[in-house]
Amino acid sequence: MYSGIILEYVEGGESKTRSIDLLDLRPDTDVTALVEEIQKREPLITASCLEHIIHLVQRLQEKLGEKQNHKFSLFKVLRTHILPLTNVAFNKSGSRFITGSYDRTCKLWDTASGEELHSLEGHRNVVYAIAFNNPYGDKIATGSFDKTCKVWSTETGKCYHTFRGHSAEIVCLSFNPQSTLLATGSMDTTAKLWDLEKGEEVASLNGHSAEIIALSFNTTGDRIITGSFDHTVAVWDVGTGRLLHTLIGHRGEISSAQFNWDCSLIVTGSMDKTCMLWDAATGTHIATLAGHSKEVLDVCFDYAGQRIATASADGSARVYNAGTKQCIAKLEGHEDEISKVCFNPKGNCILTASSDKTARLWDAATGHCLQVLEGHADEIFSCAFNYKGDTIITGSKDNSCRIWH
């Protein structure tokens with residue numbers, strides 16, 4: 001969430017502007033003190049306009065606080081597939097979403113109308129991993145238990161490429177941020193990079209001794225990490241396919257791994273009940289975030305990379321400060337394991353999905369439960385916000401998706 005003010009002034013008869021960042025503005029900031037601090041550095045803020053600027057920043061502060069209390073309500077229930085769902089994903093705006101299923105298809109849906117736009121058919125087994133090439137959203141990738149991956153046109157539903165080369169099920173995939181490459185991770189212990197333009201394999205990432213179940217590009221797209229059942233996470237150079245670092249320290253299978261936004265840190269979650277923080281450049285272990293009494297099933301950074309959220313089989317989620325490594329909030333209230341956790345784009349709110357058939361929204365700073373999203377008849381395994389943070393999707397074993405506004 002970016003906030004700032006733009007000052008307009010006249011200099012030598014010309015109208016000019018200057019922008020001032022207010023990245024530290026929080027709902028509880030002392031606005032008068034903040035503006036007086038800025039005034040020391042900014043000669044444009046004269047005594048005569050000080051009051052006006054304080055008023056403007058106060059209005060901005062109110063806006064920051066507003067969305068915090070947004071209550072989501074059920075917008076639509078979509079019965080998406082006859083056989084079980086595997087995954088759900090939004091495009092950037094949340095105007096469309098995709099569902100993968102045991103019925104061997106991926107379906108594309110219009111969020112507002114609930115209408116099925118395309119059924120992507122051609123896989124010969126379960127469609128397990130699915131993704132849009134956000135922020136563009138013009139392509140969809142599907143990874144299947146049939147050992148192949150397919151890339152499709154969002155517009156027409158036509159299949160551009162079928163990528164063959166893995167010798168076992170594909171269980172994770174991701175587009176690079178530039179949308180020039182697709183990465184796939186497989187039960188065959190390898191990950192592969194595919195060129196979307198040429199439609200061919202450009203690298204095979206060999207080095208793990210067990211299944212790869214998580215992978216993630218950094219935001220610049222020059223590094224990729226793979227998490228494996230061999231208890232390690234590997235950091236690879238995307239350009240050369242070379243193994244740069246192996247992150248060794250976990251004593252159980254890796255469940256989840258992610259870079260922070262500025263690519264300086266990596267967070268990993270494991271079946272050993274811990275989450276670990278690593279220096280992305282050197283591969284060195286920085287901290288172990290302990291506290292859960294059962295497996296850590298999911299981990300994520302907020303968009304600013306300041307906070308880490310963990311979800312566990314113990315039914316709780318936790319929030320840690322990435323700088324101090326301290327646990328700053330415990331999210332307690334679910335009655336069964338939490339398999340997914342994510343921040344809203346603004347970073348003030350956390351969404352969790354649980355086997356107790358509910359999803360919950362929490363205040364990221366206090367750990368206070370803001371809302372319980374009820375209605376699914378079976379466990380929820382997937383949840384996501386759109387980029388604006390005003391729409392939520394939940395996917396459940398009851399074979400329905402729910403859209404919340």
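The coordinates are above.
Summarised in this report is the structure supplied together with it. (Residues numbered from 1 in each chain as written. Predicted model: local features only at pLDDT ≥ 70, side-chain atom pairs only at ≥ 80, totals over all residues. Heavy atoms only, no water.)

**Considering the packing of aromatic side chains**
For step 1, the next point in the chain: Counted by the stated rule, this structure contains five aromatic pairs.
For step 2, the next point in the chain: Where Phe90 meets Phe97, the ring centres are 6.5 Å apart and the plane angle is 85°; that geometry is what we call edge-to-face. The same class applies to Phe90 as to Phe97, namely buried.
For step 3, the next point in the chain: Geometrically, the ring pair formed by Phe97 and Trp109 is stacked, given 6.2 Å between the ring centres and 15° between the ring planes. Within this pair, whereas Phe97 is found in strand S5 (residues 96–101), its partner Trp109 is found in strand S6 (residues 106–110), the two being separated by 12 residues in sequence. Across this residue pair, the class does not change: Phe97 and Trp109 are buried.
For step 4, the next point in the chain: A cation sits over an aromatic face here: Lys76 above Phe75, 4.6 Å from the ring centre. (Phe/Tyr/Trp six-rings, centres within 6.5 Å; stacked < 30°, edge-to-face > 60°. Buried < 20%, exposed > 50% of the residue type's maximum accessible area, 1.4 Å probe, protein only. Helix = DSSP H or I, 4+ residues; strand = E, 2+ residues; numbered from the N terminus. Lys NZ or Arg CZ within 6 Å of the ring centre and 35° of its normal.)

**A look at the side chain of Ser144**
For step 1, the next point in the chain: For Ser144, the position within the fold is in strand S9 (residues 139–144).
For step 2, the next point in the chain: Its relative accessible area of 0% is what places Ser144 among the buried residues.
For step 3, the next point in the chain: For Ser144, the side chain forms a polar contact with the main-chain oxygen of Asn125, separated by 3.3 Å.
For step 4, the next point in the chain: Ignoring any residue separated from it by four or fewer positions in sequence, one finds Ser144 in contact with His123, Asn125, Val126, Val127, Tyr128, Glu169 and Ile170. (Polar contact = N/O pair within 3.5 Å; in protein donor to acceptor, adjacent residues only side chain to side chain. Contact = heavy atoms within 4.5 Å.)

**Considering the environment of Arg318**
For step 1, the next point in the chain: The topology assignment puts Arg318 in strand S26 (residues 317–321).
For step 2, the next point in the chain: Look at Arg318 and you get buried, because its relative accessible area is 12%.
For step 3, the next point in the chain: When the C-alpha atoms of Arg318 and Ala364 are compared, they prove to be 9.3 Å apart, with 46 residues separating the residues in sequence.
For step 4, the next point in the chain: Those residues in contact with Arg318, other than ones at most four positions away along the chain, are Ala290, Gly291, His292, Ile308, Ala309, Thr310, Cys327, Ala329 and Lys330.

**Points about the nonpolar core**
The tendency in soluble globular proteins is for nonpolar side chains to be buried as a group.
For step 1, the next point in the chain: If you look at the biggest cluster of nonpolar residues, it comprises 15 residues, and the most contacted ones within it are Ala183, Leu193, Leu205, Leu215, Phe217, Ile224 and Val238.
For step 2, the next point in the chain: Elements with a minimum of two residues in this core: strand S12 (170–175), strand S13 (181–186), strand S14 (191–195), strand S15 (200–205), strand S16 (212–217) and strand S18 (233–237).
For step 3, the next point in the chain: With three residues, the top contributor of residues to this core is S16.
For step 4, the next point in the chain: When neighbours within four sequence positions are excluded, Val238 is seen to be in contact with Leu181, Leu193, Phe217, Gly221, Asp222, Arg223 and Ile224. (Core = buried A, V, L, I, M, F, W, Y, C linked by side-chain atoms within 4.5 Å.)

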